[in-house]
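# Structural features, examined
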Amino acid sequence: MNCEDDLHDTVTGRHEGTASRYDAATERTFAAQPPARGGSFARTWWGRAWLAALEDGALDSAQVRAGRRLARAGAVGAVSVRPGRVTAVVRDRVGTGQRADVLLTELSEGQWDRLLDLAVERSGDVAALLDGEMPPRLVEDAATAGIDLLPGLGELEASCGCGAWDHCGHTAALCYQVARLLDEDPFVLLLLRGRSPRAVLDDLQARGTAAAPPEPATARPRRDGVDAAQAYAAAPPPLPAPPELPGQPGLPPSLDSETPPAAGVDPTAVEFLAARTADEAHRMLAEALGGGTHACGELTADQDAVRLAAGLADTPRAFRTAVGRRLAAGSGRSREGLASAVLAWRYGGAEALSVLEEEWAVEDEPWARARRALESAWEDDEQPVLRARGNRWTVVGTFCQLRLGRDGRWWPYRKERGRWSPAGDAAQDPATALATALSFGDGDGDGDGDGSGGEDTGAG
């Protein structure tokens, strides 16, 4: 039996003589994650606390570093989380898979009762959990009551098929992968401590209902609102289903007729503008139905020229060339400058366009945070050397650059044919953005310049 079969049998309780105490409600399986090229494994304070329990408690720091490299390379398979145990198959550098388990003590029934009583006292704690946050006050109050939610020094016990008696590279890699899961969903930690998300929420709702005493029959009707705990405990009526999104934008009317157009009117251009308007309306509707908001706002004439140019890809070549030339001239750009602007627009609309074309001074604190993030993402001997100018960081000796947007996100850039161009989507973490830029093939190789890019087209 290979390690994947062994893992499956353990999860489903099919080992001979062993009955599973877990069902679908008390076990969650997370798909394997792709390699993490740069960036920190823990963005949240509770994810970092999890890793501190590993890094401070492991006896061999070299094994911890080996585990971090394995996790970053995507060597951790699907992760199974259930009360008291997290399990995955981890492949080492030669491809051999080992079943790795990390054990964490479950809370007792009495501890769970005290913890849930604390949580229901403040509806904000429950709301934070539902929003993917671990409330610091809940963790602190629980610790005061003798309940440790987060693992402490030495509490993460290791068991691995390789036979190591302490944390090895396999179990350390699993811990780093779990930190990524905790960043996205703090209920993973509650499941490890013994309760499924559904059980926790059901218990909180039941306690909230019981905590609200019924009003006397003779009480006057309340006219000053509803108690927050009662509002949370009451099941809201279901909302009507949203309308379905059309499969594609609507088709504008054809202007092909026997009547000649008026002087100065180009029917093909009018049809193009109508089609782009339908595309934009379809995109805004899809965003609204998905729960987002349209944050583009009113565009300037230059920005709208770039938006229109981004929609020229499916038009006839002759029309594309003629209209592209007019849009470039009208926005004060060269053809190459417009092409870079279109690329930026496709990555992030008006915000990405401003990052391409504008340079501004940045306060010291954002730079300090970025430096810390970059230093933690690479080993000491692998850290890139960067030179800052304004909101732009150029990686010395390469064709890569980072640019900070006014919204706090980082954009990867690369230099090709003497011009800096966007190289991917924005990221909150500068190390992730830099890893995206570095993942491209060779560019000009002159990225250690001053950040200017070829012709003076406003492309930076």
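Residues numbered from 1 in each chain as written. Predicted model: local features only at pLDDT ≥ 70, side-chain atom pairs only at ≥ 80, totals over all residues. Heavy atoms only, no water.

Turning our attention to the overall build of the chain. If you tally the helices and strands in the chain, you get 16 helices and ten strands. For the chain, the residues scored as buried account for 42% of the 460 residues in total. Long-range pairs, those at least 24 residues apart, make up 67% of the contacts in the chain between residues at least 6 apart in sequence. A total of about 24,700 Å² of accessible surface is found on the chain, and carbon and sulfur atoms cover 52% of it. (Helix = DSSP H or I, 4+ residues; strand = E, 2+ residues; numbered from the N terminus. Buried < 20%, exposed > 50% of the residue type's maximum accessible area, 1.4 Å probe, protein only. Contact = heavy atoms within 4.5 Å. Areas by Shrake-Rupley, 256 points an atom, 1.4 Å probe, with all protein chains shown as cover.)

Taking burial as the measure, the ten residues of helix α12 (residues 301-310) include seven buried ones, the bulk of the element. Within the sequence span of α12, burial applies to Gln303, Ala305, Val306, Arg307, Leu308, Ala309 and Ala310. In this fold, the buried residues of α12 make contact with α11 (267-289), α13 (317-330) and α14 (335-357).

Attention now moves to the sheet that holds strand β3 (residues 85-91). Pairing is antiparallel in the open sheet, where five strands are placed in the order β1-β2-β3-β4-β5. The sheet terminates laterally at β1 (28-30) and β5 (157-160), the two strands that pair on one side only. The sheet shows a mean angle of 20° between the axes of neighbouring strands, direction not considered. Where β3 meets strand β4 (residues 97-103), seven bridges bridge the pair, whose relative direction is antiparallel. Paired with valine 89 across the two strands is arginine 99, which belongs to β4. (Pairing = 2+ DSSP bridges. Axes fitted to C-alpha atoms, helices over the stretch in contact; angles between N-to-C directions.)

This part takes up the confidence of the model for the chain. Averaged over all residues, the pLDDT of the chain is 78; the fraction at 70 or higher stands at 80%. Confidence over residues 1-24 falls short of pLDDT 50; this stretch has 33 contacts with residues more than four positions distant or in other chains. In this model, residues 445-460 is a region of pLDDT below 50 whose contacts with residues beyond four sequence positions or in other chains number 51 contacts. (pLDDT = per-residue confidence, 0-100.)

Across the sheet, five strands lie side by side as β6-β7-β8-β9-β10; this open sheet has antiparallel pairing. Only two strands of the sheet have a single partner each, and these edge strands are β6 (386-389) and β10 (419-422). On average, each strand axis in the sheet is inclined to that of its neighbour by 30°, with strand direction left out of account. Each of β7 (392-395), β8 (400-404), β9 (410-416) and β10 is contacted by α14, which is oriented at about 50° to β10, the strand it contacts most. Against the sheet, helix α15 (residues 364-377) touches β6, β7, β8 and β9, its axis set at about 30° to β7.

What follows covers the packing of aromatic side chains. Evaluated as defined, the whole model comprises four aromatic pairs. Relative to tryptophan 46, the ring of tryptophan 45 lies with its centre 5.8 Å away and its plane at 90°, an arrangement referred to as edge-to-face. Tryptophan 45 sits in the partly exposed class, given a relative accessible area of 30%. Its relative accessible area of 2% is what places tryptophan 46 among the buried residues. Arranged with centres 5.6 Å apart and planes meeting at 50°, the rings of tryptophan 367 and tryptophan 410 form a pair that is tilted. (Phe/Tyr/Trp six-rings, centres within 6.5 Å; stacked < 30°, edge-to-face > 60°.)

Positive phi values are uncommon outside glycine, yet arginine 417 reaches one of about 50°. As for its position among the elements, arginine 417 is in the loop between β9 and β10.

In this section: the nonpolar core. Counting residues in hydrophobic clusters, the biggest one holds 57 residues, and the most contacted among them are Trp50 and Leu174. Counting residues per element, this core draws most heavily on helix α7 (residues 169-184), at nine residues. When near neighbours in sequence (up to four residues on either side) are disregarded, tryptophan 50 contacts Leu104, Pro151, Leu156, Cys175, Val178, Ala179, Leu182 and Leu192. Membership of the second largest hydrophobic core comes to 25 residues, among which are Ala269, Ala310, Val323 and Val355. (Core = buried A, V, L, I, M, F, W, Y, C linked by side-chain atoms within 4.5 Å.)

Let us look at the packing of helix α2 (residues 45-57) against α7. Relative to each other, α2 and α7 sit at 165°, their axes nearing to 8 Å. Considering their axes alone, α2 and α7 lie roughly antiparallel with respect to each other. As α2 runs across α7, the sense of the crossing is right-handed. From α2, Trp46, Gly47, Trp50, Leu51, Leu54 and Glu55 reach across to α7, where they touch Ala172, Cys175, Tyr176, Val178, Ala179, Leu182 and Asp183. Residue classes in the contact of α2 with α7 are distributed as ten nonpolar, one polar and two charged. (Parallel < 35°, antiparallel > 145°, perpendicular 65-115°, else oblique. Left-handed = near helix turned anticlockwise from the far one by under 90°. Nonpolar A, V, L, I, M, F, W, Y, C, P; charged D, E, K, R; others polar.)

This brings us to the environment of leucine 174. In this fold, leucine 174 is placed in helix α7. With relative accessibility at 0%, the residue leucine 174 sits in the buried group. Residues leucine 174 and valine 79 lie 95 residues apart in sequence; the distance between their C-alpha atoms is 8.1 Å. Among all residues touching leucine 174, those that are not within four sequence positions of it are Val76, Val79, Val86, Thr87, Ala88, Ala100, Asp101 and Val102.

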